[in-house]
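Analysis of the macromolecular model
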Amino acid sequence: MENILLQLEHAITAISEAVWPVFIPFMLIVGATMAIRSIFIIQKQATTPSKLNMKNVIGPASISLGAMIGTGAIIGVLGALSKLSANGQPFIESMAIWALLGSAVMLPVSYSETLNSKIMKKTPKEYISSLLHPSLGKLYAVAFVALAVFGFGGFQFSGIDSVAATILGEEFGIELSLVQRYLFIVVPVIIVVALLVLSKKHELFMNAMTYMIGTAVVGYFIFFIMFVFKTSDYIPVFFDRMIQGLSNPVGAMFGVPLGLILGMQKVLQTAETGLGALAMAAQEADTEPREAAMISLLPTAVTVFVSIVVTSYIASYGVNAGTLHLVDETGAAASTVQRLAGYFATAEHVVGIFGLIVLSAFTVLSALTTILGSYYYMTKLFKQNPINQNIAIYLALVVLAGTLAVFGANVVFEAVDLLLFVLCGINVTALAVFTFKHWEQFKK
């Protein structure tokens, strides 16, 4: 069974590595064209100017930010930096600039997908079904749930497990077996999630999301400000290495820079641009199209900054200081636990115990909000199902994701990049069809 899973993992990875060099130009060209038409043509003729009402910001922004920022903001980006380093790029900082360049296109895409969804007054599943084909709408819904619960949810469980194991091992010298880690780390998280979902109280659910993600982000920003203040002499070095990496890229398939591929994957994975998540979260408030689109930019910008800039800077400093190793002694990418231990060691080296506390709290709180966010999206995608049925399916998937995260079914997590390709491809294509063929029926 283990060999079958390993072969499947390699097959999925090979497919993902083959499609992404083709998909990135598609996203950049089609996404940019769709965004330009949406902002400069459709917005002017199909919507009316609207002011940003702060009471409408909290709900959608909390859902989006909570679902976006998870352990992937640290673990996922560290994994990409490790892969870049293992492939011969000494200037890992280049991924940050590649990601930010990609964000220059992806932020308008985030704005446009929310704008167009509100104009159509349809969720992504609904407009994909009507603009493309009903079967593609169903495929989108199933793939989104698989990505949110198994992929993103699995990352969160893996992140909490890795952080707890790292702290117990490094700080207290306690080594837990896999079964102990599952029983004492993962199961309590599942219980907390189950209690919130089973309460069936929307206000409690929203308040939990808001307070948890708010606390996590504020604490992380305070930590980063302290980190930058204490390492201010390294800032010029970081930017210099970033430019050197940009001017000396490591090529991947079809000559596309590997840093661009990894950077775009992390932007799509963390900020969820093009997935339709922002459009679904916008349904939480009765907002006008322009207002909803502006609200969607807030969580996207915060997530890109936290996941790409913050993590890259801290990792870069850690590698330079010798507290973080992205590759092992053989030159291969370091394991998740090794990378995470080095990241925490870097935080403690600069900021002290406060760094460990903040990173631990950020990991747990952001992971919980991401797991809970996947339930919100599931209810939007399968709102025709009875609520008890959705809860039962969701909790079964959460338990399975948590179990697989601990006991090593990496094939589930390797499928994340492939699912991103499927979801973004379908959603952006549908939005492009709308902006070129169907938007005029919504003229004011």
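This is a predicted model, so every value here is computed, not measured.

Section: the overall build of the protein
Secondary structure summary: the protein contains 17 helices and zero strands in total. A burial count over the protein gives 56% of its 444 residues as buried. Considering only intrachain contacts with a sequence separation of at least 6, the fraction spanning at least 24 residues in the protein is 87%. Counting every atom, the protein has about 17,900 Å² of accessible surface; 66% of that belongs to carbon and sulfur.

Considerations on the packing of aromatic side chains
Within this structure, the stated rule accounts for 19 aromatic pairs. For the ring pair Phe 224 and Tyr 313, a centre distance of 6.1 Å and an interplane angle of 90 degrees mean the geometry is edge-to-face. Of this pair, Phe 224 sits in helix H8 (residues 202-230) while Tyr 313 sits in helix H12 (residues 289-321), and the two are 89 residues apart along the sequence. For Tyr 313, a relative accessible area of 4% corresponds to the buried category. These aromatic residues form a ring-pair network of at least three members: Tyr 220, Phe 221, Phe 223, Phe 224, Phe 227, Tyr 234, Phe 238, Phe 239, Phe 305, Tyr 313, Tyr 317 and Phe 362. Over the face of the ring belonging to Phe 436 we find Arg 37, whose NZ or CZ atom lies 4.5 Å from the ring centre.

A short note on the side chain of Ser 374
Within the secondary structure, Ser 374 is located in helix H14 (residues 353-381). Apart from the residues within four sequence positions on either side, Ser 374 is in contact with Ala 148, Val 149 and Tyr 394.

Overview of a negative patch on the surface
On the surface, Glu 170, Glu 171, Glu 175 and Glu 348 cluster together into a negatively charged patch. Of note, Glu 175 is situated in the loop between helix H6 (134-172) and helix H7 (178-198).

Re the nonpolar core
In this structure, Phe 144, Tyr 220, Phe 223 and Tyr 394 are the most contacted members of the largest nonpolar core, which totals 131 residues. In terms of residue count, H6 provides more of this core than any other element does, 14 residues in total. Excluding residues within four positions of it along the chain, Phe 223 makes contact with Ile 314, Ala 347, Val 351, Phe 354, Gly 355, Val 358 and Leu 359.

Details of the environment of Val 302
For Val 302, the position within the fold is in helix H12. Classification of Val 302 as buried rests on a relative accessible area of 18%. In the structure, Val 302 is positioned 85 residues away from Val 217 in sequence and 8.9 Å away in space, judged by C-alpha atoms.

So, the side chain of Asp 161
Along the chain, Asp 161 turns up in helix H6. Note on Asp 161: relative accessible area 2%, which makes it buried. Among all residues touching Asp 161, those that are not within four sequence positions of it are Arg 181, Ile 185 and Val 406.

Describing the environment of Gly 76
Assignment of secondary structure puts Gly 76 in helix H3 (residues 75-86). Linking Gly 76 and Ser 307, residues 231 residues apart in sequence, is a C-alpha distance of 8.6 Å.

Considerations on unusual backbone geometry
Even without a glycine there, the phi angle at Lys 121 is positive, about 60 degrees. Relative to the assigned elements, Lys 121 resides in the loop between helix H4 (94-120) and helix H5 (124-131).

Here's the deal with the packing of helix H13 (residues 336-351) against H14
When two helices pack together, you describe them by how their axes are tilted relative to each other and by the distance separating the axes. Axis separation between H13 and H14 bottoms out at 6 Å; the angle between their running directions is 140 degrees. Taken together, H13 and H14 sit at an angle that is classed as oblique. Where H13 abuts H14, its residues Tyr 343, Phe 344, Ala 347, Glu 348 and Val 351 lie against Ile 353, Phe 354, Gly 355, Leu 356, Leu 359, Ser 360 and Thr 363. Classifying every residue of the contact of H13 with H14 by side-chain character gives eight nonpolar, three polar and one charged.

Conventions we followed
- Residues numbered from 1 in each chain as written.
- Predicted model: local features only at pLDDT ≥ 70, side-chain atom pairs only at ≥ 80, totals over all residues.
- Heavy atoms only, no water.
- Helix = DSSP H or I, 4+ residues; strand = E, 2+ residues; numbered from the N terminus.
- Buried < 20%, exposed > 50% of the residue type's maximum accessible area, 1.4 Å probe, protein only.
- Contact = heavy atoms within 4.5 Å.
- Areas by Shrake-Rupley, 256 points an atom, 1.4 Å probe, with all protein chains shown as cover.
- Phe/Tyr/Trp six-rings, centres within 6.5 Å; stacked < 30°, edge-to-face > 60°.
- Lys NZ or Arg CZ within 6 Å of the ring centre and 35° of its normal.
- Patch = residues over 30% accessible without salt bridge, like charges linked within 9 Å, V, L, I, M, F, W, Y side chains within 5 Å.
- Salt bridge = Lys/Arg side-chain N within 4 Å of Asp/Glu carboxyl O.
- Lys, Arg positive; Asp, Glu negative; His and termini not counted.
- Charge placed at Lys NZ, Arg CZ, Asp CG, Glu CD.
- Core = buried A, V, L, I, M, F, W, Y, C linked by side-chain atoms within 4.5 Å.
- Axes fitted to C-alpha atoms, helices over the stretch in contact; angles between N-to-C directions.
- Parallel < 35°, antiparallel > 145°, perpendicular 65-115°, else oblique.
- Nonpolar A, V, L, I, M, F, W, Y, C, P; charged D, E, K, R; others polar.

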